[in-house]
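Commentary on secondary and tertiary structure
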Amino acid sequence: MTVAKDIHSAPPQPGWRDMTHVSFARSIWLFAIGAAIGLILAGFALFTAKGTSTLVVPPEDVALVNQQPIARSDFYLQLKTLYDTDYAHATIEQRRTVLDQMIREELFVQRGKELDEASVDPDVRNAMVAAVEQSIAADVLASQPSDATLLDYYNRHKDVYSSEGTLVVRDLVFPSANAPAAEQALKAHQNVDAVVSQFGGKDSGRVKGEEFYFASRIHLGDLMFNAVRGLAAGQATAPIQAPDGVHILYMVNNRPPVAESFDQARARVLSDYQKDAIARVQAADERFLRKRANVLIAGDMRQ
Amino acid sequence: MVGVGGRDFAALKAWIGRLSVRTRIAGAMVLGFGAIVLVGAILDAQSQARLVSLEPNNTPTDVAMMRFALPRGRGLYQAHCASCHGVEGRGRPAIGAPNLTDNDWLYGEGQVSDIETVVQYGIRAPNGRTWRLADMPAFAHRVPYPRETALQPLTPGDIRDVVQFLDILRQQPADPAAALRGQAIFGNRGGCYDCHGRDGRGDAAIGAPNLTDSIWLYGDGSDAWIADTIANGLAGTCPAWFDRLSPAQIREISLYVYSLSHSGEQPKQSVP
């Protein structure tokens, strides 16, 4: 009986641990476990808005707020700004305060985006426009032009790079009747104070001592400045009629603007070159944005 | 589901056995090289992670970390900074790019964190975190300082007087009467004291240079250069790299720049 039973019984089934054989039970269990893990992850993501979030804060950051990093360097900077201390010397309380503030700021910024604050708040709109303009400008500043490029720019704008001229001029006011005689006396290089005294003139007091050209232009006005700027020392203008009398301008000393060499002007050349380049790149960016945008304009605005 | 059992290994062994010796050696080399690259990449990533998580001002005391960061920082410096500051970091006075080797710092105190802030956000760079608290006004212009329109232009004589006062500050021969007038302008209507301090020693918090030493950011320190600076103003820039380089690269450059002025010196450790 025993022998017969052994002959007719089924061969022993391999255990589920035996990886050389297919195990139906193992397959079902692994499938079920995988499905359960998937459901848990999906539920967690759905109810916590974490998306495909990572649970590890990258080493260069101090926190992730909805996956938005708060950089360690910014944290140190904020610590320095608020408490004038570095991380090693900051108290736990100071570190916590700064981190809390930065997390709060990030949360509010994110909320601001959700609420689309930029569509209603002009300050936010201005800040965003400025930020985009700045990011365009950053590309220009990050690349240093070669000396040859700067020299070429300098040669094309040479007239801009000159010193501000200086002059010492006397603005003399004479009675109308005496002005022609005073003019002749001044042009004959008579002593200025003697001429003023002789012809009943006076100093207007509008210009005092040596001045830059721009200052003289302000003090004298365009008409008189243009009349006097080309004179050499010792020369005088023709009489100029003005509401307060007849003016004669006598040039004591004139140092016209002098062109600056490339080496003298290099720093300003670089600055101007970068400004021009930024303006060009920003204009190109704007053209690109307009090109790809779908802008619809009302009928009455299309004129 | 089919597992990998002894039979599979035997089959793999048999397949390898069928390959020529040369092929086996080549395969082993490829696998070995791949393993080395992989291990190298992992170690590199670990070192970079450690580098950026360290407190910046303490990093110079970490010899291993400095050995890791400096060669990389040098390469990055050459690629991104040398065009202005020079290959050796000695600066270019013609464009106001400061010497980075003299331990005289225009912004901050020269700690790694200060340098890192400049590398990250730049000077007068187009971003909200850049260092842009003040510019040098152009006193020979109608509006010397558009950010503070109350500041009035100076006359050529005023500028000469201020230069004389600065000559006195740096113990150079000067006309005492002119210097006295210059001092009054410096400390009053010129507004110079506001940034440079009444003693002319500057303010690293806003990038106002010390006017009493022999280090000049622009030019050669001659009276003509100083007069030109007062007349035409200055506002040097340094690009920001926060959106172009990784945090680890920024730290590497900063440590390299720090090392330029601290070679052979035991760095100050800020941990109490």
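Residues numbered from 1 in each chain as written. Chains lettered and ligands numbered in written order. Predicted model: local features only at pLDDT ≥ 70, side-chain atom pairs only at ≥ 80, totals over all residues.

Below, the discussion takes up the overall build of chain A. Summing up its helical and strand segments, chain A has 11 helices and seven strands in all. What you see for chain A is a C-alpha radius of gyration of 41 Å, clearly larger than the 19 Å of a compact globule of 303 residues, by over 25%. Considered along the principal axes of its C-alpha atoms, chain A spans approximately 160 × 60 × 45 Å. Across the 303 residues of chain A, 17% fall into the buried class. (Helix = DSSP H or I, 4+ residues; strand = E, 2+ residues; numbered from the N terminus. Rg over C-alpha atoms; globule rule 2.2 N^0.38 Å. Buried ≥ 20, exposed ≤ 12 C-beta atoms within 10 Å, placed from the backbone.)

The next thing to look at is the interface of chain A and chain B. Between chain A and chain B, the residue contacts involve 35 residues of the former and 43 residues of the latter. Listed by contribution, the elements that provide at least two residues to the side of chain A that touches chain B are α2 (24–48), α3 (72–83), α5 (122–141), β5 (211–212), α9 (213–220) and α11 (262–292) of chain A. With five residues, α11(A) is the largest single contributor of residues to the side of chain A that touches chain B. Classifying every residue of the side of chain A that touches chain B by side-chain character gives 17 nonpolar, eight polar and 10 charged. (Contact = placed C-beta atoms within 7 Å. Nonpolar A, V, L, I, M, F, W, Y, C, P; charged D, E, K, R; others polar.)

Annotation of chain A at the domain level lists domain 1 (61–130), domain 2 (143–156 + 261–290) and domain 3 (163–255). Spacing between the C-alpha centres of domain 1 of chain A and domain 2 of chain A amounts to 34 Å. (Domains from an automatic or database assignment.)

Residues and elements named next belong to chain B. Once the domains are mapped, chain B shows domain 1 (57–131 + 237–260) and domain 2 (156–232). On a C-alpha basis, the centroid separation for the pair domain 1 and domain 2 is 28 Å. Its residues assigned to classes, the side of domain 1 that touches domain 2 shows seven nonpolar, two polar and three charged.

What follows deals with helix α10 (residues 247–260) of chain B. Here α10(B) contains 14 residues, and its C-alpha end-to-end distance of 20 Å stays within 8% of the 20 Å for a straight helix at 1.5 Å per residue. Burial runs high along α10(B): 14 of the 14 residues are buried. (Expected span 1.5 Å × (residues − 1).)

Quick look at unusual backbone geometry now. Positive phi outside glycine occurs at A:D116, with the angle close to 55°. Of note, B:N103 is a non-glycine position whose phi angle comes to about 60°, a positive value. By the element assignment, B:N103 lies in the loop between α4 (82–85) and α5 (112–121). You can call B:N103 exposed: it has 12 C-beta atoms within 10 Å.

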